[in-house]
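Residues per chain, in single letters:
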Amino acid sequence: MRVTVCQLPDPPQGFEEAWEALCEHTREERPQLVLVPEMIFHPWVGWTDQVDPAEWDAAVASHREWLSRVDEIGAPFVAGSRPIVTDQGVRHNRAFLWHDGQVTDGHVKYYLPDEPGFWEATWYEPGDGSFDPQPVGDLTGGFMICTDMWFTEHARALGRAGTHLLFAPRATEASTRDKWLAGGRAAAVMAGAYCLSSNRAGESNGVSYAGMGWVIDPDGLVLAKTSSENPFVTVDIDTDLAVKAKETYPRYVKE
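Cut-offs applied
Residues numbered from 1 in each chain as written. Predicted model: local features only at pLDDT ≥ 70, side-chain atom pairs only at ≥ 80, totals over all residues. Heavy atoms only, no water. Buried < 20%, exposed > 50% of the residue type's maximum accessible area, 1.4 Å probe, protein only. Helix = DSSP H or I, 4+ residues; strand = E, 2+ residues; numbered from the N terminus. Pairing = 2+ DSSP bridges. Patch = residues over 30% accessible without salt bridge, like charges linked within 9 Å, V, L, I, M, F, W, Y side chains within 5 Å. Areas by Shrake-Rupley, 256 points an atom, 1.4 Å probe, with all protein chains shown as cover. Salt bridge = Lys/Arg side-chain N within 4 Å of Asp/Glu carboxyl O. Core = buried A, V, L, I, M, F, W, Y, C linked by side-chain atoms within 4.5 Å. Contact = heavy atoms within 4.5 Å. Axes fitted to C-alpha atoms, helices over the stretch in contact; angles between N-to-C directions. Left-handed = near helix turned anticlockwise from the far one by under 90°. Polar contact = N/O pair within 3.5 Å; in protein donor to acceptor, adjacent residues only side chain to side chain. Phe/Tyr/Trp six-rings, centres within 6.5 Å; stacked < 30°, edge-to-face > 60°.

Q: So what exactly am I meant to see when it comes to the pairing of strand β3 (residues 77-85) here?
A: Taking burial as the measure, the 9 residues of β3 include 8 buried ones, the bulk of the element. Taken together, the 9 bridges between β3 and strand β4 (residues 91-99) define a ladder with antiparallel strand orientation. By the bridge assignment, Gly80 is partnered in β4 with Phe96. Connecting β3 to the antiparallel partner β4 that follows it, the hairpin turn spans 5 residues, and Gly89 within it adopts a positive phi of roughly 85°.

And the structure:
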């Protein structure tokens, strides 16, 4: 499988130009799947602790509009997360998988930080705690949205459910860059799956985002990382390795 991860700026600061550059990259590299950062199609709302329901609604509308454009990427699958409002009026950060024009909802972010720049528990509610895998064509994927990734018992459970791909869309700051990469490697090893992550980049509303999307193999080897010089990377992965990895240490160890 050919996959692309990326780093993109907080909209609208050069976002349209970055989007066009991403689409040019994917037209040349022809990936089967592209992962975009956490709630990327609107400025990050969690930078302030002053909740504005109208701003959340604007973010929901922005994501709806941009999801109608993801066919511009030219890949069969595009994964990420988006803000939603339930019929009961509850706000969530929910994973999505776009496939040939159809959007399938997935895992709802469960672990929510609440601190300067990332007032997420203030802005929206956690999901029900389920981390169910979902089909990605003939493969199986599992979402761990940003902070979810640190609760690695879920990576272990997703691996035991046969997951080939862990998706970790992020909005993380530059000062924690190395720590996040270490977490991604641990999640991949625990699941025996490829860990893919895409992140915001640049400065916005006092937050310095780390960038650094990655592709990590089932034994924790970093296959590729994005950077300011190379904001998009595409690699071929052998998903059969994610099947074989389940039979090797430490995945085979019984709980």
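Q: What am I meant to see in a nonpolar patch on the surface here?
A: Where nonpolar side chains cluster on the molecular surface, the patch consists of Tyr249, Tyr252 and Val253 and spans about 350 Å² of accessible area. Turning to its location among the elements, Tyr249 is positioned in the segment after α6 (239-244).

Q: Sorry, what's going on with the nonpolar core here?
A: Soluble globular proteins tend to bury their nonpolar side chains together. Ranked by internal contacts, the top residues of the largest apolar core, which has 40 residues, are Leu166 and Leu196. Per-element accounting of this core gives the leading share, 5 residues, to helix α5 (residues 177-191). Aside from chain neighbours lying at most four places away, what touches Leu166 is Gly142, Met144, Ala155, Leu158, Ala187, Ala188, Ala191, Ala193, Tyr194, Cys195 and Leu196. Counting 20 residues, the second largest nonpolar core, distinct from the first, contains Cys6, Cys23, Phe41 and Leu67.

Q: I keep staring at the packing of helix α4 (residues 153-160) against α5 and nothing clicks. Help me out?
A: Two numbers describe a pair of packed helices, the interaxial angle and the distance between the axes. One can describe the packing of α4 onto α5 by two numbers: an axis separation of 7 Å at closest approach and a directional angle of 35°. Note on packing geometry: the crossing formed by α4 with α5 is right-handed. The residues of α5 that touch α4, namely those facing Ala155, Arg156 and Gly159, are Ala187, Met190 and Ala191.

Q: Explain the pattern of salt bridges here, please?
A: Working definition: two side chains of opposite charge can pair if their charged atoms are close together. For the structure shown, the criterion picks out 11 salt bridges. Where Glu16 meets Arg69, a salt bridge forms, and the shortest distance between an N and an O atom there is 2.9 Å. With a gap of 53 residues between them, Glu16 in helix α1 (residues 15-29) and Arg69 in the loop between α2 (53-67) and β3 connect regions that are remote in the sequence. Under the relative-accessibility criterion, Glu16 is labelled partly exposed at 35%. Classification of Arg69 by relative accessible area gives buried; the value is 19%. Here the residues in one salt-bridge network are Glu16, Glu20, Arg69 and Glu72, joined through shared partners.

Q: It is not clear to me how the sheet that holds strand β10 (residues 165-167) should be interpreted in this structure. Could you clarify?
A: Sheets are built from strands paired through backbone hydrogen bonds, the pairs being either parallel or antiparallel. The sheet built from 6 strands is open, its strands ordered β8-β9-β10-β11-β14-β15 with mixed pairing. Looking at which strands have only one partner, the edges of the open sheet turn out to be β8 (134-136) and β15 (222-225). Between one strand and the next, the sheet's axes are offset by a mean angle of 25°, whatever the strand orientation. Two strands pair when backbone bridges link them, and strand β11 (residues 194-197) and strand β14 (residues 214-216) are joined in this way by 3 bridges, in the antiparallel orientation.

Q: Help me understand the pairing of β4, please; the structure alone is not making it clear to me.
A: Remember that side chains alternate between the two faces of the sheet whenever the strand is regular. The sheet contact formed by β4 and strand β5 (residues 102-108) spans 5 bridges and is antiparallel. Its bridge partner being in β5, Arg94 is matched across the sheet by Val108.

Q: Would you mind showing me how to read the side chain of Ser198 here?
A: The residue Ser198 is located in the loop between β11 and β12 (199-204) in this model. For Ser198, a relative accessible area of 0% corresponds to the buried category. Polar contacts involving the side chain of Ser198 include one to the main-chain amide nitrogen of Cys6, which spans 2.9 Å. In terms of polar contacts, Ser198 uses its side chain to reach the backbone carbonyl oxygen of Leu35, at 2.6 Å. Here Ser198 is in contact with Val5, Cys6, Leu35, Val36, Pro37, Ala168, Pro169, Arg170 and Gly213, once residues within four sequence places are set aside.

Q: Is there a simple way to think about unusual backbone geometry in this case?
A: Glycine aside, residues mostly have negative phi, and peptide bonds are mostly found in the trans state. Omega for the peptide link from Pro11 to Pro12 comes to 0°, which places this bond in the cis form. Position of Pro12 among the secondary structure elements: in the loop between β1 (2-9) and α1. In this structure, the amide linkage connecting Tyr249 to the following residue, Pro250, adopts the cis form with an omega of 0°. Phi is positive for Asp100, which is not a glycine, with a value near 50°. Positionally, Asp100 belongs in the loop between β4 and β5. Backbone geometry at Cys146 places phi at a positive 50°, although glycine is not the residue there. Mapped onto the secondary structure, Cys146 falls in the loop between β9 (139-143) and α4.

Q: Teacher, can you tell me more about the packing of aromatic side chains here?
A: Note on aromatic pairs: each is described by the distance of the centres and the angle between the planes. Under the counting rule described, the total for this entry stands at 15 aromatic pairs. With a centroid separation of 6.2 Å and an interplanar angle of 85°, the aromatic rings of Phe15 and Phe41 are classed as edge-to-face. With Phe15 in helix α1 and Phe41 in the loop between β2 (33-35) and α2, the pair connects residues that are 26 residues apart, well separated along the chain. The class of Phe15 is buried, set by a relative accessible area of 3%. Note on Phe143 and Phe167: the rings are 5.0 Å apart at their centroids and 50° apart in plane angle, and the pair reads as tilted.

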